[in-house]
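# Structural characterization, general
Spelled out from the first residue to the last, the chains are:
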Amino acid sequence: MANWSPYDNNGGTCVAIAGANYCVIAADTRMSTGYSILTRDYSKICKLADKSVMASSGFQADVRALQKVLAARHSIYQHQHNKQMSCPAMAQLLSNTLYYKRFFPYYAFNVLGGLDNEGKGCVFTYDAVGSYERVGYSAQGSGSTLIMPFLDNQLKSPSPLLLPAKDAVTPLSEPEAIDLVKTCFASATERDIYTGDKLEIMVLNVDGIRCEYMELRKD
């Protein structure tokens, strides 16, 4: 008999792209375990604040627990400071929250997207124990190995080692970034059995947050 594990991997893929004045965060809605699909309509995207949205793949029970902790911490912050957290502040909070559990980690692979204090798009990418980096684009989850090389090819961002530091935002317009994300997922769905069913896209800009959906393969 197989050993019991406190973790499972429910698959799924998340992508985020930061632009000059927008941020696109997208994830599929399939939740699986092994070769079984548990549900075809599960949102992996969570709005943390007016200008911060998190998409998470991995073990969805841990993701839910993490979202609850972040919501509670953000509520405390709002009562103490009488304002919402900025996206870079939320990024640090998420890092601290993950690192705090480093000896029994949240099995969650997150990408955080939003707008910074200057209104520029920002994307932060994480590992399971809170190490994070601000980037122009990122992918996490079961389809990330298929999507990331494609994004590198289309959007190659400047090396963080170059001086002076370049902006980590992509040169695309908002509609172009949304089309690119749709192409990414249509491609990944063909090869990754854990990605599919439906694509949920959240777009953050100066007007607020809006949602778009696209059907993906169901097999």
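Remember, predicted model here, so these are calculated numbers, not experimental data.

Tallied over the entire structure, the rule returns zero disulfides. As a non-bridged cysteine, C211 has C46 as the owner of its nearest cysteine sulfur, 12 Å distant.

Glancing now at the sheet that holds strand β7 (residues 108-115). Backbone-to-backbone hydrogen bonds pair the strands of a sheet. The strands run either parallel or antiparallel. Strand order in the open sheet formed by five strands is β5-β6-β7-β8-β9, and the pairing between neighbours is antiparallel. Either end of the sheet is taken by a strand with one partner, and the two such strands are β5 (45-49) and β9 (132-135). The sheet shows a mean angle of 25° between the axes of neighbouring strands, direction not considered. The pairing of strand β6 (residues 52-58) with β7 spans seven bridges and is classified as antiparallel. For A55, the partnering residue across the bridge sits in β7 and is V111. On the sheet, helix α1 (residues 60-81) packs against β5, β6 and β7 and is oriented at approximately 155° with respect to β6. The sheet strands contacting helix α2 (residues 87-100) are β5, β6, β7, β8 (121-126) and β9, and the helix crosses β8 at an angle near 5°.

So, on to the packing of helix α3 (residues 144-155) against helix α4 (residues 174-191). Axis separation between α3 and α4 bottoms out at 9 Å; the angle between their running directions is 145°. In the crossing of α3 with α4, the sense of the turn from one axis to the other is right-handed. Contacts from L146, I147, F150, L151, Q154 and L155 of α3 reach α4 at L180, T183, C184, A188 and R191.

All right, on to the packing of aromatic side chains then. Applying the stated rule across the entire model yields six aromatic pairs. Look at Y7 and F59: their rings are 6.4 Å apart centre to centre, the planes differ by 90°, and that puts the pair in the edge-to-face class. With Y7 in the segment before β1 (13-18) and F59 in the loop between β6 and α1, the pair connects residues that are 52 residues apart, well separated along the chain. Look at Y107 and F109: their rings are 5.4 Å apart centre to centre, the planes differ by 75°, and that puts the pair in the edge-to-face class. Overall, the relative accessible area of 28% leaves Y107 in the partly exposed class. Of the aromatic side chains, those joined through ring pairs into one cluster are Y7, F59, F104, Y107 and F109. In this arrangement the basic side chain of K101 is found over the ring face of Y106, its NZ or CZ atom lying 5.1 Å from the centre. Lying over the aromatic face of Y99, R102 brings its terminal NZ or CZ to 4.2 Å of the ring centre.

Rules used throughout
Residues numbered from 1 in each chain as written. Predicted model: local features only at pLDDT ≥ 70, side-chain atom pairs only at ≥ 80, totals over all residues. Heavy atoms only, no water. Disulfide = S-S within 2.5 Å. Pairing = 2+ DSSP bridges. Helix = DSSP H or I, 4+ residues; strand = E, 2+ residues; numbered from the N terminus. Axes fitted to C-alpha atoms, helices over the stretch in contact; angles between N-to-C directions. Contact = heavy atoms within 4.5 Å. Left-handed = near helix turned anticlockwise from the far one by under 90°. Phe/Tyr/Trp six-rings, centres within 6.5 Å; stacked < 30°, edge-to-face > 60°. Buried < 20%, exposed > 50% of the residue type's maximum accessible area, 1.4 Å probe, protein only. Lys NZ or Arg CZ within 6 Å of the ring centre and 35° of its normal.

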